[in-house]
2 protein chains.
Amino acid sequence: MNYSIKEFSLKTGLSAPTLRYYEKEGILPFVKRDGNGNRIYDDENFEWMDCIVALRSSGMPMAEIKHYVDSFNDGEKTIQERKQVVLNHKLRIQNEIMQLNKHLDKVNYKLALYDILEADQKKQNKKL
Amino acid sequence: MNYSIKEFSLKTGLSAPTLRYYEKEGILPFVKRDGNGNRIYDDENFEWMDCIVALRSSGMPMAEIKHYVDSFNDGEKTIQERKQVVLNHKLRIQNEIMQLNKHLDKVNYKLALYDILEADQKKQNKKL
DNA sequence: GATCCCCTTAAAGTGGACTTTAATTACTTT
DNA sequence: AAAGTAATTAAAGTCCACTTTAAGGGGATC
C-alpha cells in the first residue's frame, strides 16, 4: 500500500513538515519518490515510523534515535550496539516512572492537606 | 536561618540566575533584601521552593505554577481552585506514568526480538 | 589602592524539536 | 485558460525554560 505525504501524515499523526523534517534528519530513510519528485510512503515506512514514534514519545532524544537508525543501516554487526541503546532507554523509562511515582506521592500528600483545610473551613462555617 | 543567593543556590540545587529568574517570573515571592540590595533567603523561601521544584520536575509548566502561586497569594478563597490545580496535575502525572508503561512494554518486546536475533546468530556460528 | 569575589540588572543567546513562511512547480477541476 | 489544491525546497521563526553576557556596584583582603 502506498501513501501520499498527506495520507501518511493522517496515518502517523505527524504533520507533513514533521515527516519531511524527520527524513532530512535521517530518522526516516528509504522514502521513495514519484515522477514529480513527490514522496511516496509505504507500509514499511509506516512500521519504521511507528517504532521511531514510540522511542520519541517515551523521551529518547532525536540524536540518539539518529544514532540508532544509523546503526540499523550498518547491518547485523551492530545488533549488540542497538540492543544496548534500547536497554539504556528501558532504564531511562524505568527511572522516569520511579521519579514520577515519587512526585505522585508528594502530590497526594498535598491533596490530603487540602482535604484537612477544607474540613476545617466547614467547621468554622458551622460555628458562625 | 538566612542564606545568601549562593548558599540558597547550593541548598536548593538551582543556579543563582535561575533563582533570580523564578523570582522575576513571580514563582518565588517574598525574597528580602539587605542594605546593599542583595537577596536574603530564609527557610520559608526554602519550603516554598521545595514545593515549586516538586511541581516543576514532575512536569507542571511554569505558567501553571505561576497561576498556582498567584492563587496562593489571593488567600483562602482560592483553596478550591488550588486543590483543583493539584488534582489536575495528579491526573497528568498518572497519565504520563501510564504512557511510559506502554512504551516500556514496547521496549521490552523489542529487547525480546533482539534476544531471538542473537540466539539465531549463535546457531549460525555453530554451523560454520 | 589594586585585586578578588560576590552581588546587581537588563538583554541577548541557547537547545531541542519542531512549525511557519516564502517562493516555486505541477496536476486537476471549472 | 484561470483557479484551486497539493507538493517541493531552504530558511527563518517559535516555544519553553533557562543560561550567558555585558556592564557595573559594594566590601573584604593583600
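Residues numbered from 1 in each chain as written. Chains lettered and ligands numbered in written order. Predicted model: local features only at pLDDT ≥ 70, side-chain atom pairs only at ≥ 80, totals over all residues. Heavy atoms only, no water.

Draft legend 1. View of the overall build of chain A. Helix and strand counts for chain A stand at 5 helices and 3 strands. Ordering the α and β elements of chain A from the N terminus gives β-α-α-β-β-α-α-α. For 128 residues, the compact-globule estimate of 2.2 N^0.38 gives 14 Å, and the C-alpha radius of gyration of chain A, at 24 Å, exceeds that figure by more than 25%. Principal axes of the C-alpha set define a box for chain A whose edges measure 80 × 35 × 20 Å. Out of the 128 residues belonging to chain A, those deemed buried represent 35%. (Helix = DSSP H or I, 4+ residues; strand = E, 2+ residues; numbered from the N terminus. Rg over C-alpha atoms; globule rule 2.2 N^0.38 Å. Buried < 20%, exposed > 50% of the residue type's maximum accessible area, 1.4 Å probe, protein only.)

Draft legend 2. Main features of the nonpolar core. Among the nonpolar cores identified, the biggest contains 59 residues, and Leu28(A), Tyr41(A), Leu28(B) and Tyr41(B) are the most heavily contacted of them. Shared between two domains, this core takes at least three residues from each, and those domains are domain 1 (1–73) and domain 2 (76–128) of chain A. The residues touching Leu28(B), leaving out its near neighbours within four places in the chain, are Phe8(B), Leu19(B), Tyr22(B), Glu23(B), Tyr41(B), Asn45(B), Trp48(B) and Met49(B). (Core = buried A, V, L, I, M, F, W, Y, C linked by side-chain atoms within 4.5 Å. Domains from an automatic or database assignment. Contact = heavy atoms within 4.5 Å.)

Draft legend 3. Fine view of the interface of chain B and chain A. Each side of the interface is counted separately: chain B has 33 residues, and chain A has 33 residues. Carbon and sulfur atoms supply 68% of the area buried between chain B and chain A, which totals about 3200 Å² over both sides. For the chain B face of the interface with chain A, the top three residues by lost area are Lys83(B), Leu100(B) and Tyr114(B), together amounting to 20%. Linking chain B with chain A are 6 salt bridges, by the criterion used here. For the salt bridge of Lys106(A) with Asp50(B), the shortest nitrogen-to-oxygen distance reads 3.7 Å. Inspection of the chain B/chain A interface yields 13 residue pairs in polar contact (both at pLDDT 80 or more). Among the elements of the structure, helix H3 (43–57) and helix H5 (79–127) of chain B are those that each provide at least two residues to the side of chain B that touches chain A. The dominant element in the side of chain B that touches chain A, judged by the number of residues it contributes, is H5(B), at 26 residues. When the residues that make up the side of chain B that touches chain A are grouped by side-chain class, the tally is 14 nonpolar, 9 polar and 10 charged. (Buried area = accessible area lost by both parts, 1.4 Å probe. Salt bridge = Lys/Arg side-chain N within 4 Å of Asp/Glu carboxyl O. Polar contact = N/O pair within 3.5 Å; in protein donor to acceptor, adjacent residues only side chain to side chain. Nonpolar A, V, L, I, M, F, W, Y, C, P; charged D, E, K, R; others polar.)

Draft legend 4. Representation of the pattern of salt bridges within the structure. If you walk through the whole model with that rule in mind, you get 16 salt bridges over all chains. Measuring nitrogen to oxygen at the nearest pair gives 2.9 Å for the salt bridge that ties Arg92(A) to Glu64(A). Separated by 28 residues along the polypeptide, Arg92(A) in helix H5 (residues 79–127) and Glu64(A) in helix H4 (residues 62–73) bring together distant segments of the chain. Asp70(B) is paired through a salt bridge with Lys66(B); the nearest N and O atoms lie 3.2 Å apart. Of this pair, Asp70(B) and Lys66(B) both sit in helix H4 (residues 62–73), 4 residues apart, which is roughly one turn of the helix. Several salt bridges share partner residues, and in doing so they unite Glu23(A), Arg33(A) and Arg39(A) into one network.

Draft legend 5. Looking closely at the sheet that holds strand E1 (residues 2–3) of chain B. Residues and elements named next belong to chain B. Strand order in the open sheet formed by 3 strands is E1-E3-E2, and the pairing between neighbours is antiparallel. Each end of this open sheet is capped by a strand with a single partner; those strands are E1 and strand E2 (32–33). As paired elements, E2 and strand E3 (residues 39–42) share 2 bridges and run antiparallel to each other. Pairing of Arg33 across the sheet is with Arg39, part of E3. (Pairing = 2+ DSSP bridges.)

Draft legend 6. Main features of a positive patch on the surface. All names here are of chain A. Among the surface-exposed residues, Lys122, Lys123, Lys126 and Lys127 lie close enough to one another that they form a single positively charged patch. Within the secondary structure, Lys122 sits in helix H5. Looking at Lys122, the relative accessible area reads 60%, which means it is exposed. (Patch = residues over 30% accessible without salt bridge, like charges linked within 9 Å, V, L, I, M, F, W, Y side chains within 5 Å. Areas by Shrake-Rupley, 256 points an atom, 1.4 Å probe, with all protein chains shown as cover. Lys, Arg positive; Asp, Glu negative; His and termini not counted. Charge placed at Lys NZ, Arg CZ, Asp CG, Glu CD.)

Draft legend 7. Looking closely at the sheet that holds strand E3 (residues 39–42) of chain A. Residue and element names in this part refer to chain A. Ordered in space as E1-E3-E2, the 3 strands form an open sheet in which the pairing is antiparallel. Taken across any chain shown, the strands that pair with only one partner, and hence form the sheet edges, are strand E1 (2–3) and strand E2 (32–33). Relative to E3, E1 runs antiparallel, the two sharing 2 bridges. Residue Tyr3 lies in a different strand from E3, and its bridge partner there is Tyr41.

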